[in-house]
Amino acid sequence: MAQLRRERLAAGFARLLVRLRFLVLPAWIAAALAATLTLPGLGSGEPLALGGLIPKNSEAVETGERAAGLFDVPLTTDTIVVQRDPGGLSADAQARTVERAVAASADDAGGDEILFALPVLNTFQLLPSSRENGTTAVTYLWFSPGASLTAQFALANEYAEQASEPGDGLVGVTGPAPARWQQFEEIDDALVIVEAGTVALIALVVGLTFRSVGAPLLALFVSGVSFFVSSRLVPWVGDALDASVPQEVEPLVVALTLGIATDYSVFFLAACRRRLAEGESRVEAAEHSAAGVAPIVATAGLIVVAGTAALLVGELEFFRAFGPALALTAAVTLAVSLTLVPACLALFGRLVFWPHFRPGDRPARWDDRPSPARHALARFVTSRPVAALVALVCIGVLALAATGLSRTELAFRLITGLPAGTEERRAAVAAGTGFAPGILAPTVVLVEGRGVAERSAELAGLQDALGEEPGVSGVIGPGTLPGEAPRDVFLAENMDAARFAVVHDTNPLGSEAIEDLDRLDERLPELLEAADLSDATATVTGQTAVARDTVDAVVGSSERVGAVVLGINFVLLALFLRALVAPLYLLAASLLSVAATLGLTTYLFQGLLGHGDLTYYVPFAAGVLLVSLGSDYNVFVVGRIWEEARRTDLREAIALAAPRASQAISVAGTALALSFAMLGVIPLDGFREFAFMMAAGVLIETFLVRSLLIPALVSLFGGAGAWPGRLRPPAEAQSSTGSAGAVSSSTTKR
């Protein structure tokens, strides 16, 4: 009865859509035009500030705030101006570097300004392990608290422009904040290519599949309407809720919209083409295809909406901003696809499939029932012994790829992920060459205890011990700066705190530096005791410590968000399939697929391409999307098999439904993979890692998991997969076919 009610509801929805087809098309066009003309677009706001990448409960941030209250002079910043002359900076150039910093620190203009500038030159031999002497100067800049990322970037460049005299050796501005700004610039420059390339690839795939001009035009029209509405609705909702929508979300909105709109369009197109080939009129074909496909698309779309919205439970503002934006995008695309595609099919019918489809044409083989030979092969593969072998081989291949997980390292790739020719990357390399890579972001060790700043000998011993730790290039501490430097750089005025700047010998935001910091943090109590400072406490702050807290937060969020996503997927799959066992093995297959994809991503980028680590957010964000998008194909494949199983035995149902479903999924999956692959055009490591992981994951889902593993698992579990319901035997199915058929036939009467 439940199935009959669902069929009646779907038939009623389809009938209503077809009757309103002359209103649906102009209504969506009007909505797209109104949104474009009246609402703000994506990319009209500020890039998400660095604070959005940091967990609110970060211990490193708390330590930094405590240090700020103890010392007048800050030691951690995310913006640095780099000067370097391999032949040596002249005495005049070095003097000008110090004079500029003093002038900037003394200037009190009010509003957005540079509050403090601290120059450090390798002439003073602050780091015994400095690679060069007298060649390099780095100037750390601090800004007024209210300065936006845009203002900071402008102020830093104005300051750097002053170092334009001959011999100043200006390389440029670098640091996490300028790198964040440059990331947005790279995204903005590449966005047009991403959009045009994605459109061209989708048109090619859909056009060749259906051998028509109209089919790709319809898919792209639906995608365009979805994008124009969602790309305006997302920032408008963000403004209404006073929530920041980062500019970087636009490439993902493009890929997600074009990808899933094409997916859903292909499902409708395939069903309608078969109906037309069987002799139905355009209205009948549109109505019947909508009645059959709409429940599948609605269920799959809701899973994507809910899955992306689950990012809201992540710890970082970065994910809490992306989650609603992607969920709203998926919701708009779902609504447009469910209504606009059937309406257009009812309006244009066979014209959509012109020129290779005319009345009386046979349907394309990929959407027809399999040939006798193919049917016999499918029957053979669905026998339990063969299905068990297929499942074992598929699981073995996925498990082998997943071994890369054990090697996955996560880190901030804000600077190293930029193209080599960018100013930020070149300046970082120059600073690392003159000093050591960690000079860009020293780790601050804060030592607190009553009167600790007065214990010079003990602090000197601790400084020496810190310098001997693995991964440490040098330590700047009490007594290290020149005599004219202010005393409170390293010693608190109340004499109850002291601090050290620890310079790592590797990229301070990389996984190796994070591992070195972990070891150092664990060793601090022992080092304090050896320096006769056991009555004091030591904590760490700085960019490396913040990067560590962020990576830890992402790992923690992945567990929480993953549980929510899997729970949502399970509930919706269980409701659609009316079963509890099948959703379990479907989700298990999805998890194994994601693990394999991440393993391959690690092998490619960390192994073959030599990256030390992956961008921290890529595995998390891509994993959530892959599990959610994979459910499209779960619903489509198993839904088709379940439908056939109501008319025949399960083995025959798999042999009939799986080949047909896999062919439609192959087209949809290829289009979706290409949509995400185009994100690799953006010359940022994070986007290229994301593009590869999404494209590879979708292809694995399409051609291995859904086409081979899932049919094999359905065969192995048999009728038990439908528990607590059951797949009706053929005799029982035939007894109810009449009533269901009556409902279906009644929908064709105008």
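Residues numbered from 1 in each chain as written. Predicted model: local features only at pLDDT ≥ 70, side-chain atom pairs only at ≥ 80, totals over all residues. Heavy atoms only, no water.

Student: Would you mind going over the overall build of the protein chain with me for this structure?
Tutor: In terms of helices and strands, the protein chain carries 21 helices and 10 strands. Going through the 750 residues of the protein chain one by one, you find that 58% of them count as buried. Here the contacts in the protein chain between residues at least 6 apart in sequence split such that 84% fall between residues at least 24 apart. Total accessible area on the protein chain stands at roughly 28,600 Å², and carbon and sulfur atoms take up 61% of it. (Helix = DSSP H or I, 4+ residues; strand = E, 2+ residues; numbered from the N terminus. Buried < 20%, exposed > 50% of the residue type's maximum accessible area, 1.4 Å probe, protein only. Contact = heavy atoms within 4.5 Å. Areas by Shrake-Rupley, 256 points an atom, 1.4 Å probe, with all protein chains shown as cover.)

Student: Hey, could you run me through the pattern of salt bridges in this one?
Tutor: This structure, assessed with the given rule, holds 17 salt bridges. Among the ionic pairs, Glu165 bridges to Arg96, the shortest N-O distance being 3.6 Å. Here Arg96 lies in helix H4 (residues 91-106) and Glu165 lies in the loop between helix H5 (149-161) and strand E4 (170-174), a separation of 69 residues in the sequence. Its salt-bridge partner being Arg413, residue Glu689 comes within 3.8 Å of it at the nearest N-O pair. Linking Glu689 in helix H20 (residues 685-717) with Arg413 in the loop between strand E5 (410-411) and helix H13 (423-434), this pair joins segments that are 276 residues apart in sequence. On the accessibility criterion, Glu689 (0% relative accessible area) is buried. (Salt bridge = Lys/Arg side-chain N within 4 Å of Asp/Glu carboxyl O.)

Student: Help me understand the packing of aromatic side chains in this model?
Tutor: To describe a pair of aromatic rings, you give the distance between the ring centres and the angle between the ring planes. A complete count under the given rule lists 12 aromatic pairs for this structure. Measuring from centroid to centroid gives 5.2 Å for Phe153 and Trp181, while their planes differ by 25°, and the two rings are stacked. Placement of the pair is Phe153 in helix H5 and Trp181 in helix H6 (residues 176-210), with a sequence separation of 28 residues. Residue classification places Trp181 among the buried residues on the basis of a relative accessible area of 14%. Taking the centre distance of 6.0 Å and the plane angle of 75° together, the rings of Phe605 and Phe692 count as edge-to-face. One end of the pair, Phe605, is in helix H17 (residues 581-608); the other, Phe692, is in helix H20, with 87 residues separating them in the sequence. Relative accessible area serves as the criterion here: at 27%, Phe692 is assigned to the partly exposed category. Following the ring pairs from residue to residue traces out a cluster consisting of Phe116, Tyr140 and Trp142. In this arrangement the basic side chain of Arg499 is found over the ring face of Phe71, its NZ or CZ atom lying 4.0 Å from the centre. (Phe/Tyr/Trp six-rings, centres within 6.5 Å; stacked < 30°, edge-to-face > 60°. Lys NZ or Arg CZ within 6 Å of the ring centre and 35° of its normal.)

Student: In this structure, what is going on with a nonpolar patch on the surface? I would like to understand it.
Tutor: On the surface, a nonpolar cluster with roughly 520 Å² of combined accessible area is contributed by Val213, Leu217, Phe348, Leu351 and Trp354. Position of Leu351 among the secondary structure elements: in the loop between helix H10 (317-348) and helix H11 (372-381). (Patch = residues over 30% accessible without salt bridge, like charges linked within 9 Å, V, L, I, M, F, W, Y side chains within 5 Å.)

Student: Mind showing me how you'd approach the pairing of strand E6 (residues 443-448) here?
Tutor: Within a regular strand, side chains alternate between the sheet's two faces. Within E6, 6 of the 6 residues are buried, leaving the element largely enclosed by the surrounding structure. Of the pairings in the sheet, the one linking E6 to strand E8 (residues 497-504) comprises 6 bridges and is antiparallel in character. Paired with Glu448 across the bridge in E8 is Ala497. Across 5 bridges, the pairing between E6 and strand E9 (residues 537-541) is antiparallel. (Pairing = 2+ DSSP bridges.)

Honestly, that's just the spatial picture; any functional story needs more than this.
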